[in-house]
Amino acid sequence: MDDVPSIKAFELPLSVKSNEPVNGEYRLLVLAAPHDILKRCRAGQFFHLLCPQAGGETPYLRRPMSIYGFYPDRGELHFLYKVTGAGTRALATLALGDRLNVLGPLGEPFTIADDWQNLVLVARGVGLATLAPLALEANRLGRKLTAICSARHPDYLMSTDYFASLGADVITLTDAEGTSDLDNLEKVIEGLIADGRADAFYTCGSNRMLRLLQIIGERRGIPGQIALEQQMACGIGMCHCCVRPFNRGDRQVHLRVCREGPVFDMMEAIAW
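Quick caveat, the model's predicted, so the values are computed rather than measured.

**Section: the layout of surface pockets**
If you add up the space inside the largest pocket, you get close to 1000 Å³. Around the largest pocket, the lining comprises 36 residues; the ones closest to its centre are Pro64, Met65, Thr84, Val126 and Glu229. Of all the secondary structure elements, the ones that give two or more residues to the lining of the largest pocket are β4 (63-66), β6 (76-82), α2 (86-91) and α3 (127-140). When grouped by side-chain class, the residues that make up the lining of the largest pocket number 17 nonpolar, twelve polar and seven charged. Space inside the second largest pocket adds up to approximately 320 Å³. Taken together, 16 residues line the second largest pocket, and the ones lying closest to its centre are Arg42, Phe70, Pro133, Glu137 and Arg140. Ranked by residue count, the leading element in the lining of the second largest pocket is α3, at five residues. Of the residues that make up the lining of the second largest pocket, three or more belong to each of domain 1 (10-106) and domain 2 (118-268).

Here is the structure:
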C-alpha cells in the first residue's frame, strides 16, 4: 500500500441548492458543483463532507457519503442520507445558499465488464443510494438491469421510480409485506439466473445480503462487486482507520476501504 497515495480530488465549498426530505427517514441534499469536479465522479465513489456546526451539533470528523447522483449538464452533485447522528443532524440544517465543504471524489468505483450484459443490483435502505449512479452507467452502456430494492416498509423504499426510468426491472421486497426474508430473496435471484438475467451482482452495505450473494455467486459462478460502508477519519488512506480484512487468493490481506475501496470484489469481502 502506498504511504502517500496519489489522489485526484478537490476540496472546496459548494452551495446548497436544496435539502429536502424524500420520506420519513431520508433526505436528498443537492449541491451546485463545477464541471471539473463532476466529470471526475464515478459510480461507487464517495465524498468526505465537513458537516457544519449547527443546531447545537458539533461534529468533529468529516463524514464519508456515497455519491447518489452527479449531473455535469445541470451542475449538480446529489447525496441521499439518513439522519442518525450528530453529523447528519447538522447536515439536515443546511438551507438554500448555505455552503458545505466537500473533499472528493474519492475511492475506487464500480466497474462493468464487457461480458456483463445482465446486471442485478441488490440493496436495502440507504444502500440503494450508492447503486443509483451505477444504474445510470448501465443504462448509458445499454446493459439490462434488474434492481432488487428492500426496505422495512413500502413507504421507505427509495429510488424505485428512478431505476424504472432507466429501464430497470424493479423488484421490491419489504418486511411489512413479509417478502424481504433471505429465503425469498434467494428464490427471486435464482429465478433471474434461471431466466438468464444475471451475469453479475452489485450490492452495498448489508452483511446478510453479501453473504447470500457470495453463496449464490460461488454456487452459480456469477461474479459481483460490493461497496462497503465504514467509519473513516481522513478518507484518503493516511490514517488506516478504515482497514478491514479480505480474502485474496489463499491468504488474508488488510485493505483500506477509503483507498483500495470502497468497491471490492464481492467474493473477497469478509462478512462481519
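**Brief notes about the sheet that holds strand β15 (residues 263-265)**
Strands pair in a sheet through their backbones, by hydrogen bonds, and they do so in one of two ways: parallel or antiparallel. Across the sheet, six strands lie side by side as β10-β9-β8-β11-β12-β15; this open sheet has mixed pairing. For this open sheet the edge positions go to β10 (169-174) and β15, each flanked by a neighbour on one side alone. Taking the axes of each pair of neighbouring strands and ignoring which way they run, one obtains an average angle of 20° across the sheet. Relative to β10, strand β9 (residues 144-151) runs parallel, the two sharing six bridges. From the neighbouring strand, Cys149 faces β10, where its bridge partner is Thr172. Relative to β9, helix α5 (residues 182-194) is tilted by about 175°, and along the sheet it contacts β8 (118-124), β9, β10 and β11 (200-204).

**Observations concerning the domain arrangement of the protein chain**
What the domain assignment reports for the protein chain is domain 1 (10-106) and domain 2 (118-268). A straight line from the C-alpha centre of domain 1 to that of domain 2 covers 22 Å. Each partner contributes to the interface: domain 1 provides 22 residues, whereas domain 2 provides 24 residues. Linking domain 1 to domain 2 there are one salt bridge. Two residues, Arg152 and Glu25, come together in a salt bridge whose shortest N-O distance is 2.2 Å. The tally of links between domain 1 and domain 2 comes to four residue pairs in polar contact (both at pLDDT 80 or more). Secondary-structure elements contributing two or more residues to the side of domain 1 that touches domain 2 are β3 (46-50), β4, β5 (69-71), β6 and β7 (99-106).

**What to know about the nonpolar core**
Ranked by size, the top nonpolar core spans 33 residues in total, and within it Ile148, Leu185, Ile189 and Phe201 carry the most contacts. Residue assignment for this core shows that the elements contributing at least two residues are β7, β8, β10, α5, α6 (207-220) and β14 (251-256). For this core, the domains that each give at least three residues are domain 1 (10-106) and domain 2 (118-268). Filtering out sequence-adjacent residues up to four positions away, Phe201 remains in contact with Val120, Ile189, Ile193, Leu213, Ile216, Gly217, Ile222, Pro223, Gly224, Gln225 and Met266. Phe110, Ala138, Leu157 and Ala200 belong to the second-largest nonpolar core, a separate cluster that totals 25 residues.

**Considerations on the sheet that holds β4**
Ordered by their spatial adjacency, seven strands build an open sheet running β4-β3-β7-β1-β2-β6-β5, and the pairing between neighbours is antiparallel. Edge positions in the open sheet fall to β4 and β5, since each of these has one partner strand only. Shown here is a sheet whose adjacent strand axes are inclined to one another by a mean of 35°, direction ignored. Note: strand β2 (residues 26-32) against β6, seven bridges, orientation antiparallel.

**Brief notes about the UniProt feature "binding site: FAD" (unreviewed entry) in the protein chain**
The feature "binding site: FAD" (unreviewed entry), as given by UniProt, occupies Arg63, Pro64, Met65, Ser66, Gly87 and Thr88 in the numbering adopted here. When the annotated set is filtered for residues lining the largest pocket, what remains is Arg63, Pro64, Met65, Ser66, Gly87 and Thr88. Its place among the elements puts Pro64 in strand β4. We classify Pro64 as partly exposed; its relative accessible area is 29%. Among all residues touching Pro64, those that are not within four sequence positions of it are Phe46, Phe47, His48, Gln230 and Met232. Relative to the helices and strands, Gly87 resides in helix α2. Ignoring sequence-local partners within four residues, the contact set of Gly87 consists of Cys51, Pro59 and Arg63.

Conventions and cut-offs
- Residues numbered from 1 in each chain as written.
- Predicted model: local features only at pLDDT ≥ 70, side-chain atom pairs only at ≥ 80, totals over all residues.
- Heavy atoms only, no water.
- 1 Å grid on protein atoms, 1.4 Å probe; cavity = no way out; pocket = protein on both sides within 12 Å on 5 of 7 lines; lining within 4 Å.
- Points joined across faces, edges and corners; volume = space filled by probe spheres on them.
- Helix = DSSP H or I, 4+ residues; strand = E, 2+ residues; numbered from the N terminus.
- Nonpolar A, V, L, I, M, F, W, Y, C, P; charged D, E, K, R; others polar.
- Domains from an automatic or database assignment.
- Pairing = 2+ DSSP bridges.
- Axes fitted to C-alpha atoms, helices over the stretch in contact; angles between N-to-C directions.
- Contact = heavy atoms within 4.5 Å.
- Salt bridge = Lys/Arg side-chain N within 4 Å of Asp/Glu carboxyl O.
- Polar contact = N/O pair within 3.5 Å; in protein donor to acceptor, adjacent residues only side chain to side chain.
- Core = buried A, V, L, I, M, F, W, Y, C linked by side-chain atoms within 4.5 Å.
- Buried < 20%, exposed > 50% of the residue type's maximum accessible area, 1.4 Å probe, protein only.
- UniProt positions renumbered as here; feature names shortened; annotations may be inferred.

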